[in-house]
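Here's the letter readout for the chains.
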Amino acid sequence: QNHGFYEEATIVFKKLLPLTYDKKSVYAGLAWSLKAIGRAEEALKAYKNIVQINLSNQDWHKTFEEITQRLHDENIQKIKDLKLKISKASDPLDLQKELFNAYSDKGEFDNAIGMAEKIRLAKGLDNRTMLQLARVLFWHGKKHHAEAEYKKLIKGSPKSAFLYFELAAILEIGRAHV
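The rules behind each value
- Residues numbered from 1 in each chain as written.
- Predicted model: local features only at pLDDT ≥ 70, side-chain atom pairs only at ≥ 80, totals over all residues.
- Heavy atoms only, no water.
- Axes fitted to C-alpha atoms, helices over the stretch in contact; angles between N-to-C directions.
- Helix = DSSP H or I, 4+ residues; strand = E, 2+ residues; numbered from the N terminus.
- Parallel < 35°, antiparallel > 145°, perpendicular 65-115°, else oblique.
- Left-handed = near helix turned anticlockwise from the far one by under 90°.
- Contact = heavy atoms within 4.5 Å.
- Expected span 1.5 Å × (residues − 1).
- Buried < 20%, exposed > 50% of the residue type's maximum accessible area, 1.4 Å probe, protein only.
- Arc of directions from axis to C-beta.

Student: What am I meant to see in the packing of helix α2 (residues 23-36) against helix α3 (residues 40-47) here?
Tutor: The relative placement of two packed helices is expressed as an angle between their axes plus a distance between the axes. In contact at an axis separation of 8 Å, α2 and α3 are set at 165° when each is read in the N-to-C sense. When the axis of α2 is compared with that of α3, the two are roughly antiparallel. By crossing handedness, the relation of α2 to α3 is classed as left-handed. Between α2 and α3, the contacting residues are Tyr27, Ala28, Leu30, Ala31, Trp32, Leu34 and Lys35 on the first element and Glu42, Ala43, Ala46 and Tyr47 on the second.

Student: Mind showing me how you'd approach helix α6 (residues 109-121) here?
Tutor: Three or four residues apart is the spacing at which side chains of an α-helix point the same way, because the helix has 3.6 residues per turn. End to end, α6 covers 18 Å across 13 residues, agreeing with the expected 18 Å (1.5 Å per residue, within 8%). When α6 is considered as a whole, its buried residues turn out to be Phe109, Ala112, Ile113, Met115, Ala116 and Ile119. Along the long axis of α6, the arc covered by the buried residues comes to 165°, so they all point the same way. In α6, the exposed positions angled more than 90 degrees off the buried face are occupied by Asp110 and Leu121. In this structure, the buried residues of α6 make contact with α5 (93-106) and α7 (127-139). One or two positions beyond α6, positive phi appears at Lys123, with a value near 60°.

Listed below in structure tokens is the structure:
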């Protein structure tokens, strides 16, 4: 199996850690990528930064299942909490962005796309949210829509090698997850 993308992603996540305020998402991405390339012990160490786990447990498969279930349960609760907060907020834009990300993290792509469109209508679709929308569209099998979002991002940041790299990846891969 070709692990090139996940190996590159691992390097990027490690570089992002000291630069980002959203360490939980970066650690989750790092752990996911490490697990994908067969580096289970390192993946568990990365997950330990976001989930309380016992690293002495030798049944790594069971530990990964427990982590997945815990993160899933946390995300369900986060979605419920955000929906309630949005219903009471006078200016829900930031909460809607959080909900969009929660839906994305949970793999609820239809809900994520719907929330992104609400954000777009409110003129609140920033580059970070648009980038995640492009990824969600691709993961959801809407390659042409994803490509269009990447092109909008590139139009605003024509010197971003990162955006060209991701666009090239979806054009080349087409059927696999970026």
